[in-house]
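What follows is each chain in one-letter form.
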Amino acid sequence: MVEITIRKRPRTEAVVTQRKFFKKTARGKVIKVLRERYLRDDVTCGIEGCRVCSESSDATLPSSGSLDHSSYPDGHFVLPDTNVFLAQMDLMESPLFSPPIILLQTVMEEVRHRSLPLYNRLKALVKADDKQIWVFYNEYRSETAVIREEGETPNDRNDRGIRKATSWYNSHISITRPPVKGQPNRPLPTVVLLTDDVANRQKAEKEGIACISVRKYVEASKDSGKLSDLLSAPGSDNIEPTRAAGARQVLYPDYLPMSTLIAGVKAGQLHQGHFNANQYNYLEGNVPVSAFEKPILLIGRENMNRAVQGDVVVVEVFDPKEWKAPADEVVDQETTLKNDDADDSEEEVEDEEGITERKVMQSEASIRSLSAKQPTGRIVGIIKRNWRSYVCHIESTSLMSSNPTSLSQQTVFATPVSRLLPRIRMRTRQAPTLLGQKILVTIDRWDATSRYPDGHFVRALGRAESKEAEQESLLLEYDVPYRPFGKAILDCLPSEGDAWVVPPKADAVPEWKDREDLRGLIICSIDPPGCQDIDDALHARPLPNGNIEAGVHIADVSHFVHPDTPMDNEAAARGSTVYLVDKRIDMLPSLLGTNLCSLRPHVERLAFSVIWELTPEADIVNVRFTKSVIASKSAFTYDEAQVRKDDPNLNDDLTKSIRLLNSLAQKLKAGRMAAGALNLASPEVKIHLDSAESSDPIDVEQKVLKETNSLVEEFMLLANISVAQKIQETFPQTAVLRRHLPPPPTNFEKLKDILQKRKGMTLDVSSSGALAASLDQCVDLEEPAFNTLVRIMTTRCMLSAEYFCSGSVARDTFGHYGLASPIYTHFTSPIRRYADVLAHRQLAAAINFSPLHATLHSKSHIERVLEIVNRRHRMAQMAGRASVEFYVGLALKSRSEKETVIEDAFVIRTFRNGLGVFVSKLGIEGLVMFKREIQFDADNYTISVPSASGAESTTIAVFDKVRVQIEVEKDKNTQRGKVKMTLVSPIDSRAL
Amino acid sequence: MSSRIEILNDGGYRSDGRRQYELRDITIDMTPQGSADGCASIAHGLTQVSVSVFGPREAKQRSQTLHDRAVLNVEVNVLPFSTGERRRRGRADRRILELAASIKATFEPVVQTTLYPRAQIDIFVSVQQQDGGLLPACINGTTLALAAAGVPLLDFVCAVSAGVHGAAALLDLSALEEGDLPHAAVAVLPRTKKVTLAALETRLHVDRFAEVFRLACDAGQTIHAEMRRAVRTRTQELVAAMGAGPRAGPGEHVDRDVAMDDDAADY
Ligand SMILES: [Zn+2]
């Protein structure tokens, strides 16, 4: 029994601990709010060996503090105020910044109120193994709790609380270490208040509290050179305090106050949405909002008003007379703004670049197509910034001095790798050494007087184009957690390590409790070559009654990963294993993923089995779920399984089982297709690495799907659907499911129009079945790849599938559009997807194998977890694709050094000054740009290029097949390889 | 925006500084008020309730009497300023009727009504301030007021609320916590360990309920000790006021309380 006590509250404390106040709600009602607080004396200081705070076993602060700082020879602890975390998180996170830190509850809560992303980073920091941070709950300790005095702002109250806690710490240290007679007085470490607030420092000094500004602290610490780069760009008022504010040109309109924004959005006059930058044209962006079918178009810098990709913004829509179509031109930031000077761009009243930009805009405006108008508008405010750290290159032209030994501070431009982001201005002392490297840069602020956002350097990732730097930058760019698993996580693994085996069968053995012994079944797995994390295995055998028993056996991950353990929390945070071409970032420690859970052949493994009785027509007679022990008889690759199935000389049980599975799979697939499932395509290519050491790609190959791919897929779909039905039945409020919403018809408008005009084909998007049927009709007999191209383009019009909690959405929105299934979940890959682990736990509870963990009963908990998993899932896919792209680039580079690379390509977009093409053999997209004037017909998706003589012209349209020459040239400025495409046929564009 | 407040932070503290299994301060005042036969004011944290008991006495309305036992009549009055939103609740307000019905149902099996056929026991509950755990406070207050009035009870009734936050169970929820968590109110008879009330306010899975339920039962024992102490103090005051040991008259219920004490001490 746990100890249950009553928290006694002395009467005298009531003034401090009870609060009654009145609050006005949004609707204008006045509400009385009652709050009380219990003050305690058992909140511990966290200093090792403290004699007063008894439970200091988990203390994280060394008893003498840090002795590394020159200003504090007797040792010190750092106690930062809220703004330090808000403004200098990168410094705090740097491994070079390592003093013991006291983090006050007051500070934590203030950070939480101000910014959730920063709060989450702060929480991660507290848990990090390499940091010494102690959270001191000062608001609950009787000596350090403060109440707001009359007329005091919350800010002042918090500052006072922070000072009070600092002085408490200092006296606590001296009280707990009284001088010992006969021994020399040991000097006591100091607790130093770290704050950039001048007023607060003055007050602290008056009260005799040691305090220091962040910059001063950093300048006197060990790695001051490297650390000072991490300091965020200081506010405009203290950069150059002498310059009058009026002298600066205001380049952007000011934002409206938050209250006006919220009121305007509520009233429907303003619209809220996420800002999307246009990857082809940096002077254009859009914001999809619920009030309009088409996203609101923002044309020009002023209208985009300092929004950065992903920010939540508020838009004012212009009069319909001013509505326009998006530009049909490719506008590249690097070329248009190549002469902008990082150091002085904010002063010039009307500089050259501004004029260039304006010219571009004007010429564009005159020829915007009239047909596809959409609402236009301007951003009047930002609800929430979604800034993070971005992988960038330093632009060599922005350097004043490239002398490698120069340590002078320079202002330079950092260009993000992503085309969706503006270049960032930052100050650094390491500029020359950072040239040619991939670096991480954070945006700090974007003032109305500054054309570009200001940021600061976080760290260098390595030489551009080196595999390590590219790999890490990719992981950072897609926010993939890739730190090695910590000790607490590894401690959750079975103590036997890789010696763990399924224990011999016996009644008393817990592993065998309620498990079926399926070791005798002829089970095998079929996977891509080299697969180490084998999630699934299958079997099929005829039954005496003429039906067939088929089984899908999934690795029993939930036997090893228990809810709410460090390993479970880490897996939930990672959400998914990420596959890059040359690296796999595991969701679970590899002991589980590639060994104990992996259903390897010839060893006994724990599994979670779904076993059906199917008619020979593949109709389900019944299904059951059981935990089991299996022993796979073989692990095939798709090819091996295919060969075995097709070999007429083989007639063993295993082969028969594969054939049986295959015939069922064909019927299952036919059934699905009849129900309206879509057969979509994505541009998938495979990279062959010739050897592990050099990992130079020798070949890029399009993925070919075999019959056996489909075999496995069909059974996995069937298992997922059966499990989804079962857990939804048992836990109608909290089942973890997956759905794919039907795409809004407007998504297809453009594709439909192009198909109609260019090919005379009709796309029927009224239902998934109709779409599937009309896609089958989109065939060009001379061009077999055309159908695949249409499927790829269709896929891009779709919404993405998502995990959801069954109690959170309406029952009629459960369906999976692409699979044409009314219900679906993910169950079959628990080694690499966290949602599957949850489904396993719910299924285990549904069959009364084990009780469901508390958290899986909570709708809000599941929603929270799934939100993260959905995001990670998306990011993992994008990271995987980007990795393939990088290797395709490398392959192209090595090929183009030997020969001229010329490939077939389809035109997928037309611009006023170029073509967007898709090279299906390489799975890449590219741009062909024309320098010379060409004729552009936006309504018919064609361009016409006059021949050199000027007599006749060549017309190129979307879906036309062309031949392009592909080169990889090194961008002189950013030092990164850039794929450049030029047209070879029907005309040669190199001269154009 | 309640989501901005952390229900249970990483340090294991709740938003008011308590830990998971810590109950709020309980203050009990059993000073007689007016003409009531028994009175008790109880505060669970900032929730304040006072209960007056009249009877057993002759029923006012003949038609409502029962020939073999006494009738319990529970009336609840919620003061308009007791809650966040100032609101006058009539006696016929559904929530108030429900509260009264829960209290009545809780005490019907506990009060030895058969000793007083055709009589009536009136319980008037006045809610002065609400900050979560209203029903438990009403029940605990009623137990004390009945004891003070000398109404024979089979046992004390001790109630507490409990909720679930993620995997953690929390005891004695404040209004803020009640707004965020699935929770239940449980009333136990500490002597027999029987449960006379389990009121679920929100959806809670049966597995989770069992755990919360056990915890609430244990917490009932802690509350019992606190209530017993209050009764004993009151008894001693009475004894001191009368200048001597137990006598006839009020001594009757004093004795019973002490006896109940001893029985309960077994736990
Ligand atoms: Zn201490």
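Reading guide: rules and limits
Residues numbered from 1 in each chain as written. Chains lettered and ligands numbered in written order. Predicted model: local features only at pLDDT ≥ 70, side-chain atom pairs only at ≥ 80, totals over all residues. Heavy atoms only, no water. UniProt positions renumbered as here; feature names shortened; annotations may be inferred. Helix = DSSP H or I, 4+ residues; strand = E, 2+ residues; numbered from the N terminus. Buried < 20%, exposed > 50% of the residue type's maximum accessible area, 1.4 Å probe, protein only. Contact = heavy atoms within 4.5 Å. Areas by Shrake-Rupley, 256 points an atom, 1.4 Å probe, with all protein chains shown as cover. Axes fitted to C-alpha atoms, helices over the stretch in contact; angles between N-to-C directions. Nonpolar A, V, L, I, M, F, W, Y, C, P; charged D, E, K, R; others polar. Buried area = accessible area lost by both parts, 1.4 Å probe. Salt bridge = Lys/Arg side-chain N within 4 Å of Asp/Glu carboxyl O. Polar contact = N/O pair within 3.5 Å; in protein donor to acceptor, adjacent residues only side chain to side chain. Pairing = 2+ DSSP bridges. Donors = N, O, S within 2.8 Å, 3.2 Å for Na, K, Ca; no water. Tetrahedral: all angles 85-135°; square planar, octahedral: opposite > 155°, others 65-115°.

- Looking at an unreviewed UniProt entry, one finds chain B named Ribosomal RNA-processing protein 41 and attributed to Ceriporiopsis subvermispora.

- By the naming in an unreviewed UniProt entry, chain A goes by Ribosomal RNA-processing protein 44 and is assigned to Ceriporiopsis subvermispora.
- What UniProt states about chain A under its Sequence similarities (unreviewed entry) heading is, verbatim, "Belongs to the RNR ribonuclease family."

## Regarding the overall build of chain B
For step 1, the next point in the chain: Of regular secondary structure, chain B possesses five helices and 10 strands.
For step 2, the next point in the chain: Residues classed as buried in chain B amount to 52% of the 267 residues present.
For step 3, the next point in the chain: In chain B, the proportion of contacts linking residues at least 24 apart, taken out of those at least 6 apart, comes to 69%.

## What about the overall build of chain A?
For step 1, the next point in the chain: Secondary structure assignment for chain A yields 28 helices and 40 strands.
For step 2, the next point in the chain: Carbon and sulfur atoms provide 51% of the accessible area of chain A, an area that totals close to 45100 Å².

## Notes on the packing of helix α4 (residues 105-114) of chain A against helix α5 (residues 116-127) of chain A
Residues and elements named next belong to chain A.
For step 1, the next point in the chain: For the pair α4 and α5, the least separation of the axes is 6 Å and the interaxial angle reads 140°. Along the contact surface, α4 presents Met108, Val111, Arg112 and Arg114, while α5 presents Leu116, Leu118, Tyr119, Leu122 and Lys123.
For step 2, the next point in the chain: Taken together, the residues of the contact of α4 with α5 break down into six nonpolar, no polar and three charged.

## Thoughts on the packing of α4(A) against helix α6 (residues 154-176) of chain A
Residues and elements named next belong to chain A.
For step 1, the next point in the chain: Between α4 and α6, the least distance of the axes is 9 Å, while the angle of their chain directions is 150°. Where α4 abuts α6, its residues Thr106, Val107 and Glu110 lie against Asn155, Arg157, Asn158 and Ile162.
For step 2, the next point in the chain: A breakdown of the residues in the contact of α4 with α6 according to their chemical character gives two nonpolar, three polar and two charged.

## Digging into unusual backbone geometry
For step 1, the next point in the chain: Residue B:Pro56 follows B:Gly55 across a cis peptide bond; omega there is 5°.
For step 2, the next point in the chain: Take B:Pro56: it is sitting in strand β4 (residues 47-58).
For step 3, the next point in the chain: Positive phi, close to 40°, is recorded for A:Asn305, a residue that is not glycine.
For step 4, the next point in the chain: Here A:Asn305 shows up in the loop between α12 (301-304) and β13 (312-317).
For step 5, the next point in the chain: Of the residues examined, A:Asn305 reaches a relative accessible area of 0% and is grouped as buried.

## Quick word on the interface of chain B and chain A
By a widespread convention, an interface's size corresponds to the accessible area lost as its parts come together.
For step 1, the next point in the chain: Contact residues are listed per partner, giving 43 residues for chain B and 42 residues for chain A.
For step 2, the next point in the chain: Buried surface at the junction of chain B and chain A, both sides included, amounts to about 3800 Å², of which 52% is carbon and sulfur.
For step 3, the next point in the chain: Counting the contacts that link chain B with chain A gives two salt bridges.
For step 4, the next point in the chain: As a salt-bridge pair, A:Arg40 and B:Glu22 come within 2.9 Å of each other at their nearest N and O atoms.
For step 5, the next point in the chain: Along the contact surface separating chain B from chain A lie 10 residue pairs in polar contact (both at pLDDT 80 or more).
For step 6, the next point in the chain: Of all elements in the fold, only β1 (22-23), β2 (26-29) and α4 (206-242) of chain B reach the threshold of two or more residues within the side of chain B that touches chain A.
For step 7, the next point in the chain: Here the element with the most residues in the side of chain B that touches chain A is α4(B); it accounts for seven residues.

## Overview of the sheet that holds strand β37 (residues 942-946) of chain A
Residues and elements named next belong to chain A.
For step 1, the next point in the chain: Pairing within the open sheet is antiparallel, and its three strands lie in the order β36-β37-β38. Two strands close off the open sheet at either side, each with one partner strand: β36 (935-937) and β38 (953-957). Neighbour to neighbour, the strand axes of the sheet diverge by 20° on average, direction disregarded.
For step 2, the next point in the chain: Here five bridges tie β37 to β38, and the two strands are oriented antiparallel to one another. By the bridge assignment, Ser944 is partnered in β38 with Thr955.

## Details of the sheet that holds strand β15 (residues 389-394) of chain A
Residue and element names in this part refer to chain A.
For step 1, the next point in the chain: Ordered in space as β15-β16-β17-β19-β18, the five strands form a closed barrel in which the pairing is mixed. The sheet shows a mean angle of 50° between the axes of neighbouring strands, taken without regard to direction.
For step 2, the next point in the chain: Strand direction decides the pairing type here: strand β18 (residues 437-445) and strand β19 (residues 454-463), joined by eight bridges, are antiparallel. Within the sheet, the bridge partner assigned to Ile439 lies in β19 and is Ala460.
For step 3, the next point in the chain: Its contacts with the sheet place helix α16 (residues 467-477) against β15, β18 and β19, and it is angled at close to 140° to β19.

## Points about the coordination of the zinc ion
Residues and elements named next belong to chain A.
For step 1, the next point in the chain: At this site the zinc ion is bound by Cys45 (SG), Cys50 (SG), Cys53 (SG) and His172 (NE2), with donor distances of 2.0 to 2.3 Å.
For step 2, the next point in the chain: Because the angles between the four donor atoms bound to the zinc ion fall within 107 to 112°, the donor set is best described as tetrahedral.
For step 3, the next point in the chain: Here the donor residues of the zinc ion share one chain and are spaced in sequence as C-x4-C-x2-C-x118-H. Of this pair, Cys53 sits in the loop between β3 (30-36) and β4 (76-80) while His172 sits in helix α6, placing them 119 residues apart in sequence.
For step 4, the next point in the chain: On the basis of relative accessibility, which here comes to 5%, the residue Cys53 falls in the buried class.

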